[in-house]
Amino acid sequence: MGVRLDADHGIAVPTGGAGLARLSTALWRRAWLRASLLLGPPLAWFLVIYLASLVVMLVTAFWTVNPFTNQFVHSFTLTNFRQLFTGTYLTIIWRTVLMAAIVTVTDAVVAFPFAYYMARVAGGRTRRLLFVAVLLPLWASYLARVYSWIAILQKGGALDWLTRHVGLGAAQVAYTNTAMWIVFSYIWLPFMVVPIYGALERIPDSLIEASGDLGGRSWHTVCRVILPLALPGVVAGSIFTFSLTLGDFITPVLIGGPSSNFIGNVIYDNVGTANNLPFAAALAVVPIVIMIVYLVVARAFGAFEAA
Amino acid sequence: MTRPRGLRASGLLGALLAAAVIASACGSSSGNGGTGGGGTSANGGGGSALGTPPEQNAPVLTKIGKGEGQLNIVAWEGYAQPEWVKPFEQATGCVVNAKYAGSSSEMVQLMSSAGSQYDLVSASGDADLRLIYGGYVRPINIGLMPNWKNFLPFLKTPPFNTINGRHYGISYEFGPNVLLYSKKAFPSGPPTSWSVIYSNKYKGEVTVPNNPIQIADAALYLSKSRPSLGITDPYELTQPQFNAAVNLLKAEHPLIAKYWDLASQEISLFQSGTTVVGAAWPYQTNTLVADHVAVGDTIPQEGATGWADTWMLGTHAAHPNCAYMWMRWVTTPKVQAEEADYFGETPANHLACPIMNSIAAGSCTAYHENAPLSYFQTIKFWKTPLATCDNGKNDCVPFSQWVSAWTQITG
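Quick look at the nonpolar core
So, point 1. Formed by 180 residues in total, the largest nonpolar core has its most connected members in Ile196 of chain A together with Ile215 of chain B.
So, point 2. In terms of residues, this core owes the most to one element, helix H8 (residues 177-201) of chain A, which gives 16 residues.
So, point 3. Setting aside residues up to four positions removed in sequence, Ile215 of chain B forms contacts with Ala245, Val246, Leu249, Trp402, Ala405 and Trp406 of chain B.

What to know about the domain arrangement of chain B
Residues and elements named next belong to chain B.
So, point 1. Domain assignment breaks chain B into domain 1 (70-174 + 308-374) and domain 2 (176-305 + 387-410).
So, point 2. Between the C-alpha centres of domain 1 and domain 2 the distance comes to 27 Å.
So, point 3. The interface of domain 1 with domain 2 comprises four residues on the first partner and five residues on the second.
So, point 4. Classifying every residue of the side of domain 1 that touches domain 2 by side-chain character gives two nonpolar, one polar and one charged.

Notes on the packing of helix H3 (residues 104-112) of chain B against helix H4 (residues 125-133) of chain B
All names here are of chain B.
So, point 1. Interaxial distance between H3 and H4 falls to 9 Å at its minimum, and their mutual angle equals 25°. One element, H3, and the other, H4, form an angle in the roughly parallel class. The handedness of the crossing between H3 and H4 is right-handed. Contacts between H3 and H4 involve Ser104, Met107, Val108 and Met111 from the first element and Asp126, Ala127, Arg130 and Leu131 from the second.
So, point 2. Tallied by class, the residues present in the contact of H3 with H4 amount to five nonpolar, one polar and two charged.

Notes on the pairing of strand S9 (residues 206-209) of chain B
Consecutive side chains of a regular strand alternate in pointing toward one face of the sheet and then the other.
Residue and element names in this part refer to chain B.
So, point 1. One ladder, built from four bridges, connects S9 with strand S10 (residues 256-260); its direction is parallel. Bridge pairing in S10 links Val206 to Ile256.
So, point 2. One ladder, built from two bridges, connects S9 with strand S11 (residues 277-280); its direction is parallel. Note on S11: the bridge partner recorded for Thr207 is Gly278.

Observations regarding the confidence of the model for chain B
Residue and element names in this part refer to chain B.
So, point 1. Here chain B shows a mean pLDDT of 85. Residues at 70 or above account for 87%.
So, point 2. Looking over chain B, one finds the lowest element-wise mean pLDDT in helix H1 (residues 8-26), namely 40, and the highest in helix H9 (residues 320-330), namely 97.
So, point 3. Contacts for the low-pLDDT stretch residues 1-49, under 50 throughout, to residues beyond four places or in other chains number 145 contacts.
So, point 4. The ipTM for the predicted assembly is 0.76, set against a pTM of 0.78.

Focus on the domain arrangement of chain A
For interface size, the figure often reported is the accessible area lost on association.
So, point 1. Under the domain assignment, chain A is made up of domain 1 (3-48) and domain 2 (82-305).
So, point 2. The C-alpha-based centres of domain 1 of chain A and domain 2 of chain A are spaced at 46 Å.

Description of the environment of Ile170 of chain B
Residues and elements named next belong to chain B.
So, point 1. One can find Ile170 in strand S7 (residues 170-176).
So, point 2. Take Ile170: there are 25 C-beta atoms within 10 Å of it, and that puts it in the buried class.
So, point 3. Sequence separation of Ile170 and Tyr181 is 11 residues, and the distance between their C-alpha atoms is 34 Å.
So, point 4. Those residues within four positions of Ile170 in sequence are excluded, and the remaining contacts are Ile140, Met145, Trp148, Thr310, Trp311, Met327 and Thr331.

Let's talk about helix H13 (residues 277-300) of chain A
Along an α-helix, residues three or four apart share an orientation, since each turn contains 3.6 residues.
Residues and elements named next belong to chain A.
So, point 1. Compared with an ideal rise of 1.5 Å per residue, which puts 24 residues at 34 Å, H13 spans 35 Å between its outermost C-alpha atoms and is within 8% of the ideal.
So, point 2. Those residues of H13 that sit buried are Leu277, Pro278, Phe279, Ala280, Ala281, Ala282, Leu283, Ala284, Val286, Pro287 and Tyr294.
So, point 3. Immediately downstream of H13, the backbone of Gly302 shows phi near 80°, a positive value.

Some points on the sheet that holds S10 of chain B
All names here are of chain B.
So, point 1. The sheet built from five strands is open, its strands ordered S10-S9-S11-S8-S12 with mixed pairing. Each having just a single partner strand, S10 and strand S12 (295-298) make up the two edges of the open sheet. Each adjacent strand pair in this sheet contributes to an overall mean axis angle of 25°, direction not counted.
So, point 2. When strand S8 (residues 178-182) meets S12, the two strands line up antiparallel, connected through four bridges. Its bridge partner lying in S12, Leu179 is registered against Thr298.

Some words on the confidence of the model for chain A
So, point 1. Mean pLDDT over chain A works out to 87, with 91% of the residues at or above the 70 mark.
So, point 2. Taken as a whole, residues 1-8 of chain A scores under 50 in pLDDT and shows 15 contacts with residues more than four places along the chain or in a different chain.

Definitions and limits used
- Along every chain, residues carry numbers that run from 1 in the direction the sequence is written.
- In the order they appear in the text, chains get letters beginning with A and ligands get numbers beginning with 1.
- At least 70 in pLDDT is required for a residue's local features to be given in this predicted model, at least 80 for side-chain atom pairs to be given and counted, and no such filter applies to totals for whole chains, interfaces and linings, which use all residues.
- In this usage, the nonpolar core is the set of buried Ala, Val, Leu, Ile, Met, Phe, Trp, Tyr and Cys residues whose C-beta atoms join them within 7 Å.
- Counting other C-beta atoms within 10 Å of a residue's own tells you its class, since 20 or more makes it buried, 12 or fewer makes it exposed, and anything in between is partly exposed; those C-beta atoms are placed from the backbone.
- Labels follow the DSSP assignment, with helices taken as runs of H or I lasting at least four residues and strands as runs of E lasting at least two, numbered in each case from the N terminus.
- Whether two residues are in contact depends on their C-beta atoms, placed from the backbone: they are in contact if these lie within 7 Å.
- Here the limits of each domain have been adopted from an automatic or database domain assignment.
- Ten residues, namely Ala, Val, Leu, Ile, Met, Phe, Trp, Tyr, Cys and Pro, are considered nonpolar, four, namely Asp, Glu, Lys and Arg, are considered charged, and the remaining ones, Gly among them, are considered polar.
- All axes here are fitted lines through C-alpha atoms, helices being fitted over the stretch that makes contact, and every angle between N-to-C directions spans 0 to 180 degrees.
- Roughly parallel means an angle under 35 degrees; roughly antiparallel, over 145; roughly perpendicular, 65 to 115; everything else is oblique.
- Left-handed describes a crossing whose near helix is turned anticlockwise from the far helix by less than a right angle; the clockwise case is right-handed.
- Note on pairing: DSSP must find at least two bridges between two strands before they are called paired.
- The predictor reports its confidence for every residue as pLDDT, a score running from 0 up to 100.
- The length a helix should cover is 1.5 Å for every residue beyond the first.

Printed below as a string of structure tokens:
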């Protein structure tokens, strides 16, 4: 379509109106053409950028690298996967999964009462304030938040100062796995609060009243009515907290201790330092497999009905 | 291998930040298919005997002609700063296009990729031999480098960039990996041996770099403390020697407060008093001293490891005249001093000393530019650990195994 300047009014008006109308009619008549034009580009994007890179990575995992020529050795081998099942890497995989699980449980326990208050107790104004409070940290840089935790947890930091002044002695938490647990639980908390809030908000008041009318005490109502109905929200939130922790490698670098390597750190070392991409690719398969198992289990809990 | 020191750390930070965004978005299970590079798992081996570098007899320029108007370089971040790039462009008409690399392996990768368009690379000692024997860089005519005669003697024809009398580039800057200590913990003067970082006395107060090349530091210490192992070169270790170094580092693990990845981390560890002794670069010492933290650094009796960078000429460099002009320019005392000040390292050109002092008083001495030769002789410069060692037998442990051993050490 061309654009011509209307001399009298100084405004641009589209030309070729007839052709455009024909095109429009043609598209309207052929729904399949319209659909494929609309969906084609995003689908191509998905196939090429998302899946193709994943496939390339998976194929790479079965190759090796010649250390001197820097070139891939394109012959199929399971060496990389066999290496995964040796002591050190199993320890690292186990540490990563365990941390992801503990962080998920912590976030669920902390987020549930908070989300409950937001969804069912607080008034409109308080609720908005709490929402801002929950999401506020997400506006700040991830790195800034981790660094501020280092300032809090390290020797001579805020926590250390506090425990000394109340007579509890020195507290040196920075550069330990405990510090990682605290930081992970903090930075991923919003990802747990929001889905649980969504699930709780959707529970009809009538169900809770019915439970009371039928003689259910408050604890009973929580266990038998609210928790089961909110569970899909908890599971949905846990997918975020679990997968985000599983894939992280920055927090271990910044605040982890001498035994804090995660799967991501080993991948980073093998890509960046050793340039052993095939082994890194093999390692990257591990979180994918773990997440597939996790998602299958989450689906059984109805996580995908909560959205 | 990554050398995230000083400003180079910002490159890592950038990567971390980018990864953070990805992680936040989808819980990354990272893996960018495609690129290849050096290092592999146990198999594969060092393969070919070294022999003669492929480009040994490549012709060199006999005189520098007219500039080609462009110059493509692969550099460490901080190696192509406007302070010295702008005047160069104005004087020569060569527009500098810099590509920053995050690790030595990435540099090798960039130079080795088919149809590589890069004219120069600021390679470190651990990448040099891979570049030379891979045929990715070619000799230069050192006679066209007037400042070369002003270099510290040990950087004129160092074994990591000069083979069979051929110069594969020109030395640039260097630095030692020193022993950093808190003066509170060592009131009677600097420790004289690296043994302090392996000693129970400082349990939980030790920090060393999170870098596989740290195995060489352990090997250097063992070469003096356990001569029966017969270690002569910390980068050429037979399996028993390598195992001894790895075992020493495994025993050190309970003493470590933190394996540092960024220079800023070690600075913070010493500022807060979390650690009192560790392996460091002069950059950390100088930053801490400037911040009035009571620390000092020393090269203990066993010596130290160190890095040294070389500007190397790409085999297929399309702009050789501009490349030669760049090598001439960055080895002048002024640029050498500016780089040293910006990056926190030591110039190859000793004439840089007074200019360093005019930029920052006392920095020439702080970075040991004017130290006696005996000081430099204590530094064992990084080179790529290869399966093929100088003893003629292919029984040394290659770098890929250093990396997997390091993962085992740090757990």
